[in-house]
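These are the residues of each chain, in order.
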There are 2 protein chains.
Amino acid sequence: MKLTRVLPLMACLLLAACGGGESADEASVQVEKAKTYQWKLVTTWPKNYPGLGMAAENFAVMVDKMSAGRLKVKVYGATQLVPALEVFDAVSQGTAEMGHGAAYYWKGKTPTSPLFTSVPFGLNAQEMNGWLHYGGGMELWRELYEPFNLVPLAAGNTGVQMAGWFNREINSLEDLKGLKMRIPGLGGEVMSRVGVEAVNIPGGELYTSMQTGVIDATEWVGPYNDLAFGFHQVAKYYYYPGWHEPGPTLELIVNKPAYESLPADLQAIVEAAARAVNQDMLDDYTARNNAALNELVNTHGVELRQLPDDVLAELNRVTDQVLDEIAESDPMFKKVYASQKAFKTEAMQYHKISEEAYYRARELK
Amino acid sequence: MKLTRVLPLMACLLLAACGGGESADEASVQVEKAKTYQWKLVTTWPKNYPGLGMAAENFAVMVDKMSAGRLKVKVYGATQLVPALEVFDAVSQGTAEMGHGAAYYWKGKTPTSPLFTSVPFGLNAQEMNGWLHYGGGMELWRELYEPFNLVPLAAGNTGVQMAGWFNREINSLEDLKGLKMRIPGLGGEVMSRVGVEAVNIPGGELYTSMQTGVIDATEWVGPYNDLAFGFHQVAKYYYYPGWHEPGPTLELIVNKPAYESLPADLQAIVEAAARAVNQDMLDDYTARNNAALNELVNTHGVELRQLPDDVLAELNRVTDQVLDEIAESDPMFKKVYASQKAFKTEAMQYHKISEEAYYRARELK
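Residues numbered from 1 in each chain as written. Chains lettered and ligands numbered in written order. Predicted model: local features only at pLDDT ≥ 70, side-chain atom pairs only at ≥ 80, totals over all residues. Heavy atoms only, no water.

**Examining the sheet that holds strand S6 (residues 180–182) of chain A**
Residues and elements named next belong to chain A. Overall, mixed pairing links the 6 strands, which are arranged S7-S6-S8-S5-S9-S11 in an open sheet. Looking at the sheet topology across the chains shown, the edges are occupied by strand S7 (197–199) and strand S11 (303–306). By the bridge criterion, 2 bridges tie strand S5 (residues 164–166) to strand S8 (residues 217–218) in an arrangement that is antiparallel. Bridge pairing links phenylalanine 166 to alanine 217 in S8. (Pairing = 2+ DSSP bridges. Helix = DSSP H or I, 4+ residues; strand = E, 2+ residues; numbered from the N terminus.)

**Topic: the pairing of strand S2 (residues 71–76) of chain B**
Side-chain positions along a regular strand alternate between the two faces of the sheet. Here strand S1 (residues 37–43) of chain B runs beside S2 of chain B; their pairing, made up of 6 bridges, is parallel. For valine 42 of chain B, the partnering residue across the bridge sits in S2 of chain B and is tyrosine 76 of chain B.

**Concerning the UniProt feature "binding site: substrate" (unreviewed entry) in chain A**
Listed under "binding site: substrate" (unreviewed entry) in the UniProt record, and renumbered for this structure, are Gln161, Arg182, Glu219 and Glu245 of chain A. Judged by its relative accessible area of 4%, glutamine 161 of chain A falls in the buried class. Sequence-distant contacts of glutamine 161 of chain A, that is, excluding residues within four places in its chain, are made with Glu219, Trp220, Val221, Pro241, Gly242, Glu245 and Pro248 of chain A together with Tyr350 of chain B. Looking at glutamine 161 of chain A, its side chain comes within polar contact range of the side chain of threonine 158 of chain A, at 3.1 Å. Note that glutamate 245 of chain A resides in the loop between strand S9 (237–240) and strand S10 (249–255). Judged by its relative accessible area of 5%, glutamate 245 of chain A falls in the buried class. Contacts of glutamate 245 of chain A, omitting those with residues within four sequence positions, involve Tyr104, Ser118, Gly159, Val160, Gln161 and Glu219 of chain A. (UniProt positions renumbered as here; feature names shortened; annotations may be inferred. Buried < 20%, exposed > 50% of the residue type's maximum accessible area, 1.4 Å probe, protein only. Contact = heavy atoms within 4.5 Å. Polar contact = N/O pair within 3.5 Å; in protein donor to acceptor, adjacent residues only side chain to side chain.)

**Regarding the interface of chain B and chain A**
By a frequent convention, interface size equals the accessible area lost on bringing the separate parts together. Listed by partner, the interface residues are 92 residues for chain B and 92 residues for chain A. Around 8500 Å² of area is buried between chain B and chain A when both sides are counted, 62% of it from carbon and sulfur atoms. Our enumeration of links across chain B and chain A arrives at 12 salt bridges. Counting the contacts that link chain B with chain A gives 49 residue pairs in polar contact (both at pLDDT 80 or more). The element that contributes the greatest number of residues to the side of chain B that touches chain A is helix H11 (residues 264–299) of chain B, accounting for 20 residues. (Buried area = accessible area lost by both parts, 1.4 Å probe. Salt bridge = Lys/Arg side-chain N within 4 Å of Asp/Glu carboxyl O.)

**Looking at the packing of helix H11 (residues 264–299) of chain A against helix H5 (residues 125–134) of chain B**
Where H11 of chain A meets H5 of chain B, the closest approach of the two axes is 8 Å, and the angle between their N-to-C directions is 90°. Considering their axes alone, H11 of chain A and H5 of chain B lie roughly perpendicular with respect to each other. Residues Gln279, Asp280, Leu282, Asp283, Asp284, Thr286, Ala287 and Arg288 of chain A of H11 of chain A pack against Gln126, Glu127, Asn129, Gly130, His133 and Tyr134 of chain B of H5 of chain B. For the contact of H11 of chain A with H5 of chain B, the per-class residue count stands at 3 nonpolar, 6 polar and 5 charged. (Axes fitted to C-alpha atoms, helices over the stretch in contact; angles between N-to-C directions. Parallel < 35°, antiparallel > 145°, perpendicular 65-115°, else oblique. Nonpolar A, V, L, I, M, F, W, Y, C, P; charged D, E, K, R; others polar.)

**A closer look at the UniProt feature "binding site: Na(+)" (unreviewed entry) in chain A**
Residue and element names in this part refer to chain A. Per the UniProt entry, the sites bearing "binding site: Na(+)" (unreviewed entry) are Trp220 in this numbering. Turning to its location among the elements, tryptophan 220 is positioned in the loop between S8 and helix H9 (223–229). With residues near it in sequence (within four places) discarded, tryptophan 220 still touches Tyr49, Gln161, Arg182, Gly203, Leu206, Asn225, Asp226, Phe229 and Phe231. Among the polar contacts listed, one links the side chain of tryptophan 220 to the side chain of tyrosine 49, at a separation of 3.1 Å.

**Comments concerning the relation of the copies chain B and chain A**
Aligned on chain A, chain B shows an RMSD of 0.0 Å; the corresponding rotation is 180° and the shift along the axis is 0.0 Å. Considering both components of the superposition, the chain copies are consistent with a two-fold axis. Considering only C-alpha atoms, the part of chain B nearest the rotation axis is alanine 276 of chain B, at 2.5 Å. When you check the interface residues of chain B against chain A, 100% turn up at the interface there too, and the contact is symmetric in its surfaces. (Least-squares fit on C-alpha atoms with pLDDT ≥ 70 in both.)

**Brief notes about the sheet that holds strand S3 (residues 98–101) of chain B**
Residues and elements named next belong to chain B. Across the sheet, 5 strands lie side by side as S2-S1-S3-S10-S4; this open sheet has mixed pairing. With one partner strand each, in any of the chains shown, S2 and strand S4 (150–157) form the two edges of the open sheet. The mean inter-strand angle of the sheet, taken between neighbouring strand axes irrespective of direction, is 25°. Contacts from H11 reach S1, S2, S3, S4 and strand S10 (249–255) within the one sheet, and its direction differs from that of S4 by about 30°.

**Digging into helix H14 (residues 355–363) of chain A**
The buried fraction of H14 of chain A is high, at 7 of 9 residues. Residues of H14 of chain A that are buried: Glu355, Glu356, Ala357, Tyr358, Tyr359, Ala361 and Arg362 of chain A.

**Things to note about unusual backbone geometry**
Residue and element names in this part refer to chain A. Note the cis peptide between tyrosine 240 and proline 241, where omega equals -5°. Along the chain, the position of proline 241 falls in the loop between S9 and S10. Located in the positive-phi region is threonine 79, a residue other than glycine, with phi close to 75°. What makes threonine 79 exposed here is its relative accessible area of 62%. For phenylalanine 121, which is not a glycine, the phi torsion comes out positive at approximately 55°. Along the chain, phenylalanine 121 falls in the loop between strand S3 (98–101) and helix H5 (125–134).

**Here's the deal with the pattern of salt bridges**
This model, assessed by the stated rule, comprises 47 salt bridges over all chains. Close ionic contact of glutamate 127 of chain B with arginine 362 of chain A constitutes a salt bridge, the shortest N to O distance being 2.8 Å. Taken together, the residues span two chains, with glutamate 127 of chain B in helix H5 and arginine 362 of chain A in helix H14. Its relative accessible area of 0% is what places glutamate 127 of chain B among the buried residues. The class of arginine 362 of chain A is buried, set by a relative accessible area of 4%. A salt bridge links lysine 341 of chain B to aspartate 324 of chain B, with the shortest nitrogen-to-oxygen separation between them at 4.0 Å. Here lysine 341 of chain B, found in helix H13 (residues 331–353), pairs with aspartate 324 of chain B, found in helix H12 (residues 309–329); they are 17 residues apart in sequence, far enough to count as distant.

**Notes on the packing of H11 of chain A against H13 of chain B**
Two elements in contact, H11 of chain A and H13 of chain B, have axes whose closest approach is 8 Å; the angle formed by their N-to-C orientations is 80°. The angle between the axes of H11 of chain A and H13 of chain B places the two elements in the roughly perpendicular class. Contacts from Thr286, Ala287, Asn289, Asn290, Ala291, Leu293 and Asn294 of chain A in H11 of chain A reach Phe343, Glu346, Gln349, Tyr350, His351 and Ile353 of chain B in H13 of chain B. Residue composition of the contact of H11 of chain A with H13 of chain B, grouped by class: 6 nonpolar, 6 polar and 1 charged.

**Quick notes on the environment of lysine 109 of chain B**
All names here are of chain B. One can find lysine 109 in the loop between S3 and H5. A relative accessible area of 40% places lysine 109 in the partly exposed class. Taking the C-alpha atoms as reference points, lysine 109 and alanine 84, 25 residues apart in sequence, are found 15 Å from one another. Engagement of the side chain of lysine 109 in a polar contact is seen with the side chain of aspartate 89, the distance being 2.7 Å.

In C-alpha cells form, the structure reads like this:
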C-alpha cells in the first residue's frame, strides 16, 4: 500500500475507531471487534440432509453475513470430522466449537436430556418454544449442560412426526405384541412395555432392515424425509400421529470457553441466528410435508392409517409410568419433568380451545 | 489522546482494518462499518403493550447488541411520534425508518394487505410462517409493498385468538341477528352478512362501549391481553375459537431507501432480529394465555363457550364468498389469495393427521 494512500486512511480510521473523545480502551474495543474467528460446527446429520441438516448450514450463512465475516463457521456432516454420536463430546472438549443435533442422543450422559428434544405425549413445537423461552425451560437446559462445558440453544423443530412404517395393520394392542420395530429412546421404552420388541438401528440401515425382514416396522421423521429414504418400497402402511415425537427440538451446542471468548456482539449474533433457524426449520417442514405425503399416497399407493384410540390411550398411560419411574431415580430429571409437565397441563387447556378447536372449526362447512 | 498512545494504536488499527494485502477499498469498507445509524421505529401499539408491543422493544435491544451499538433503534408507542394508523405513511415517507403493526390496518392502501396478517378460516401461526418463508408468501408481500417504498418483515404472531366477549349466549345463527359487535376487517364483513351490525371502535374505547351498551359484543385478542382490559367486568360470555383471526402475523416495515443505505451486515442483522421476534411473540402468548384464562374463569366467573358448529360452518361458507368477491375485483388480491389458498389446502391435509390428530391423541387416556 502506498504511503499517500495510507495517511488519509489512518486519519479516517482513527476518526472512525476513536471518535471525538474516546479513550484508548474504547479504541481497543474497536480493534477487538475486527478480530476474526474460525469455528468448526459438527453435526449428527449427513451433510446438507434436507430439513434437519439445513439448520446448521443456514446458521453459518446468517452468522457470516451478520458478523461481516468476523465469525466464520464451517459445517461438518456426520463422520466428516467426528461420528454423529461423538458430537457432544467433541464440543464439550473443544475439538469443535459448536455442534448441531438432538439432546436425546445424549441420554447416556444424562437421563434428563430427552426432555429437551421431545417426550411421548409431551409438548408440540409451539409449546416447546413457549416452555423454553417463557416457561423456564432454557434456564434448566443451561443448568443441565453446564457441567459438560456446553451452552445449549434451541435450533430447529420438525413439528409432529409420523408414528412410522408398518408391514402389517395395527388394529389393537394385540397386534403390537412381538412386532420388531426400530424405535429408539423413550418411545422405544414405552413400546417395549406393551410387547413390542423395540430396537435401535442407524438411519442408513433402516431400508435394508425393513426389506430383509430384520424388522417389521420403523419410525423415522415424516413425509418430507421419509419419502427420500424410500420406505414406501418396503412397507405398506404409514401410521399417524407421531405420539412418541410430537415436536422434537433440535439443538445447537456451543463450547462454553469458545462462547465466552466471543465479544458481546458476536455472542448476540450467535443467539439470534439460532433463534431464527429454530423457527426456520419448522417453516420448511410445514411447507414440504404435505406434498411428500401426497406423493406417497397418490403416486406410490401407501396406505395411511391412524393408530386406534385404545392403542394410543394405553401408550399414553404407559408413558406416564415410564416418565414417573425415571423421575424417581434422577433428581434433575424430576425437576425438569415437573416444570415441563406443569407447562403441558396449562398449554393443553388453552390449546384445546384455541389451536385444536380451530383445526376442527376450519373443517366445518 | 497522547501521541505515544496514538501511534501503536494507529499501527494496530491499520493491521486490523487493512490486513495483509487488502486494498484501500476494503479498508474503507471497514471504516464504513464503524458508521452509526440512529433510527426511529413507530408502532401501532401503546408503548410496552404486553405481547404485541414487546416485539419492537425486543427487536431494538437485539439489534443494538448484535451491531455493537452501530444501529440504534428508538421505539415510539402509538401517538408518541405519529398516531397508530399513520405508521404506514410515516415509514413510507421516511418520517421514521421503521414501523411495527399489522398489515390489515392498511387495507385502505391496498385491499390485499389483510392476507399478510390473517383471514377468517385461514392459516394459523405455524402455517403462515411456512407460507411466508417457504411457500412464496414473503416474495408476494415484498411485491405488494414495493410501490409504497417499504420492505416488510414478519415480526410476531399471537396464535389462534378468541372469538370474543358477548353479553348474551349464541346458540344459533338467529342469535347473531341484530347483535352490535366490534369486529373490524374481513371478520366484520363476514359477520355483517349473517346479520350482525359490525362496527369498528378503537381498543381504548371498548370497555366503556361494552359497559354502556353501545355494543353487545367485542373481539380483541386472547386471555393474556383481554384480562388486562377488564372485559370480564362488562361481558359474561367468552367465546372460542377465533375463526376470524386464527394466527395473525404482525409486521415490521422498513423504509426502503433507509434499508438500502445500511451495509450488508446491518441488513442481515435487521432481518435476523425480525425473524427472532417473529417466533418470540408466539412463545410469549403460548406461555401466558392459559394462566390468564384460568384467572378469567376461576377468579372472575367468566363463562367459556364454543361457537355452535352450524354457526361456524355458515361463517366459513360466507368467508369463501367474501374472499372470492374481493379476488374478482382486485388482481393482486387474486394472485396472493390463490397462493395462500393452495398452501392452506396442503397444510390442512397434513395438519389433520399431524398437529390436529396429535392434540386429540394426547387427550386419550
